Amino acid sequence: MTMEEVASDENLIRAFAEVARNRGAPGPDGQSIADVRERINELMPVLRRGLLEGTYRPGMIRRVWIPKPGGAGERGLGIPDVIDRWVQQAVHQVLSPHWEPTFHPSSHGFRPGRSCHTAIAEAKTHLAAGYEWVVDLDLEKFFDRVHWQRLVSRLETKVKDRRLIDLIRQMLKAKVVMPDGVVTSTEEGVPQGGPLSPLLSNIVLDELDQELARRGHRFVRYADDENIYVRSERAGHRVMASVVRFIEGRMRLKVNQAKSAVARPKDRHFVGFRLRKEKRSGRIEVLPSMRSRERLAGKIRELTPRALGQSVTGCIKRLNGYMLGWMNFFGPVCTRATVTFLQTTDAHVRRRLRAILLRQWKRKRFIVRRLRRMGAGASAGASVYRGHRSLWALSHCKPVDEALSPAYFARQGLVSLEESYRNMHTVTASAQLELRLRPLRAPRADGGIRGLSSPDPTVPKSRM
């Protein structure tokens, strides 16, 4: 791990391609990726010389505040200049192959071949093995509290090139431009938003992983979300107290006591999911967490406002884009116990669309006329005119349900979460069955099927 490797033409070209693929907004200097790409031939030799001679200096970082899901405050992101992101990616590509093999297997965040899905798969094995309580640890403002000296000390155990260490130190000390234009200095933390910060966070938290492994704990970590699985609530409280002492005393980080807890996995949110073990069958069910359900409901409300100022077709198109993305993340992992929730969500989406259509049809006589034209029958008028019901109440009466049925919305192209889930798992099950049967269908030299004995004429057909 040397500066020559970082500044090599091959590494820099590959690093810029990765930064361009990730896109991203300009930093404080206002240069976009397209601007840098136009000048890349003249920038490359200058950047390479600056890195080798030690004259390169990172620019400032633009601070952006984004709302946390569920309205739980805001999270600060740091956006470096494009050239600084380019350099960070080049450093990442040199450091990662040396650090990655040493990380603990139970770490799943920001690692190749690992994801939220692999984290849940490992958590299921711990729950199935009888570890039915979880110590859910939440690190308070982790990226803002990383201790620089401890991080640099860990880097120095493998990185011997002082130029590379000094470059990373300068990246950590880069000043931050706040949204109001005020420039501030930082004394700790890793800027969350650059290509190098995920690797540095894993280097910091690997110390915790190795300590938990040394103590013999079963755990799963994704970024700064740490779940330790134990057999009893009493053991959970004991582990919680011990690990908090290690994190706050040794690692100089802060545990958020309000968000950390010892509980059953079904009551906790971990990378968007919750785990539940069925008492009778012992089967492990994976479902969206309550927080994930609330986010989905909130997004549906946002995409289906009652005062929709455009066609329902456009509304359905935006709904489909979000719901397909949601299903692609949750569908492969969630078990069949989530089907009931998907059915309820589909019904809620259709009702909101019905309410939008009723509002666009305006007066009740126009509503009745439309419903009858769509096959609701002569009783539509009596149902619509009965009482002083709101449009939301009318959206679930019998004539409206019949005219604006699930089949109607399917013809309009509305995606069904339940149907998408069933199709996804039917295809998966079919593929797995085909893989299991494929070796049995290979022909044998004698014309039979490998793995199946030839029919014995002495055995009655009823037994074959």
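Residues numbered from 1 in each chain as written. Predicted model: local features only at pLDDT ≥ 70, side-chain atom pairs only at ≥ 80, totals over all residues. Heavy atoms only, no water.

**Some words on the sheet that holds strand S7 (residues 225-230)**
In step 1: Pairing is antiparallel in the open sheet, where four strands are placed in the order S6-S7-S3-S8. The open sheet terminates on both sides in strands that have one partner only, identified here as strand S6 (218-222) and strand S8 (261-263). On average, each strand axis in the sheet is tilted by 20° relative to the strand beside it, whichever way the strands run.
In step 2: Of the strand pairs in this sheet, strand S3 (residues 133-138) and S7 are connected by six bridges, and their pairing is antiparallel. By the bridge assignment, Leu137 is partnered in S7 with Glu226.
In step 3: In the packing of helix H6 (residues 116-128) onto the sheet, contacts are made with S6 and S7, and the angle to S6 comes to roughly 165°. (Pairing = 2+ DSSP bridges. Helix = DSSP H or I, 4+ residues; strand = E, 2+ residues; numbered from the N terminus. Axes fitted to C-alpha atoms, helices over the stretch in contact; angles between N-to-C directions. Contact = heavy atoms within 4.5 Å.)

**Some thoughts on the sheet that holds strand S5 (residues 183-184)**
In step 1: The mixed open sheet is built from four strands, whose spatial order is S2-S1-S4-S5. Either end of the sheet is taken by a strand with one partner, and the two such strands are strand S2 (74-80) and S5.
In step 2: Taken together, the two bridges between strand S4 (residues 176-177) and S5 define a ladder with antiparallel strand orientation. In the strand pairing of S5, Val177 is matched with Val183.

**Some thoughts on helix H14 (residues 339-361)**
In step 1: With 23 residues, H14 ought to run about 33 Å at 1.5 Å a step, and its terminal C-alpha atoms sit 33 Å apart, in line with that.
In step 2: Following H14 by one or two positions, Lys362 adopts a phi angle in the positive range, close to 65°. (Expected span 1.5 Å × (residues − 1).)

**Regarding the packing of helix H12 (residues 290-303) against helix H13 (residues 312-330)**
In step 1: One can describe the packing of H12 onto H13 by two numbers: an axis separation of 10 Å at closest approach and a directional angle of 165°. As the angle between them shows, H12 and H13 are arranged roughly antiparallel. Of the two possible hands of crossing, H12 and H13 adopt the one that is right-handed. On the side of H12, the interface is formed by Ser292, Arg295, Leu296, Lys299 and Leu303, while H13 contributes Cys315, Arg318, Leu319, Tyr322, Trp326 and Phe330. (Parallel < 35°, antiparallel > 145°, perpendicular 65-115°, else oblique. Left-handed = near helix turned anticlockwise from the far one by under 90°.)

**As for the pattern of salt bridges**
A side chain of one charge can pair with a side chain of the opposite charge if their charged atoms are brought near each other.
In step 1: The final tally for this structure, using the stated rule, is 24 salt bridges.
In step 2: Notably, a salt bridge pairs Arg48 with Asp9, separated by 3.8 Å at the nearest N-O pair. Here Arg48 is found in helix H4 (residues 40-53), whereas its partner Asp9 is found in helix H2 (residues 9-22), with 39 residues between them in sequence.
In step 3: The exposure class assigned to Arg48 is partly exposed, which follows from its relative accessible area of 32%.
In step 4: A salt bridge links Glu132 to Lys277; the shortest N-O distance between them is 3.1 Å. Pair noted here: Glu132 is in the loop between H6 and S3 and Lys277 is in strand S9 (residues 273-277), with a separation of 145 residues, a long-range link. (Salt bridge = Lys/Arg side-chain N within 4 Å of Asp/Glu carboxyl O. Buried < 20%, exposed > 50% of the residue type's maximum accessible area, 1.4 Å probe, protein only.)

**Quick look at the confidence of the model for the chain**
In step 1: Here the chain shows a mean pLDDT of 83. Residues at 70 or above account for 89%.
In step 2: In the predicted structure, residues 440-464 sits below a pLDDT of 50 and forms 18 contacts with residues beyond four places in sequence or in another chain. (pLDDT = per-residue confidence, 0-100.)

**A word on the packing of aromatic side chains**
Aromatic ring pairs: the centre-centre distance and the angle between the two ring planes describe each pair.
In step 1: Under the counting rule described, the total for this entry stands at nine aromatic pairs.
In step 2: When the ring of Trp326 is compared with that of Phe341, the centres are 6.3 Å apart and the planes differ by 50°; the resulting orientation is tilted. With a gap of 15 residues between them, Trp326 in helix H13 and Phe341 in helix H14 connect regions that are remote in the sequence. Just as Trp326 is buried, Phe341 falls in that class too. (Phe/Tyr/Trp six-rings, centres within 6.5 Å; stacked < 30°, edge-to-face > 60°.)

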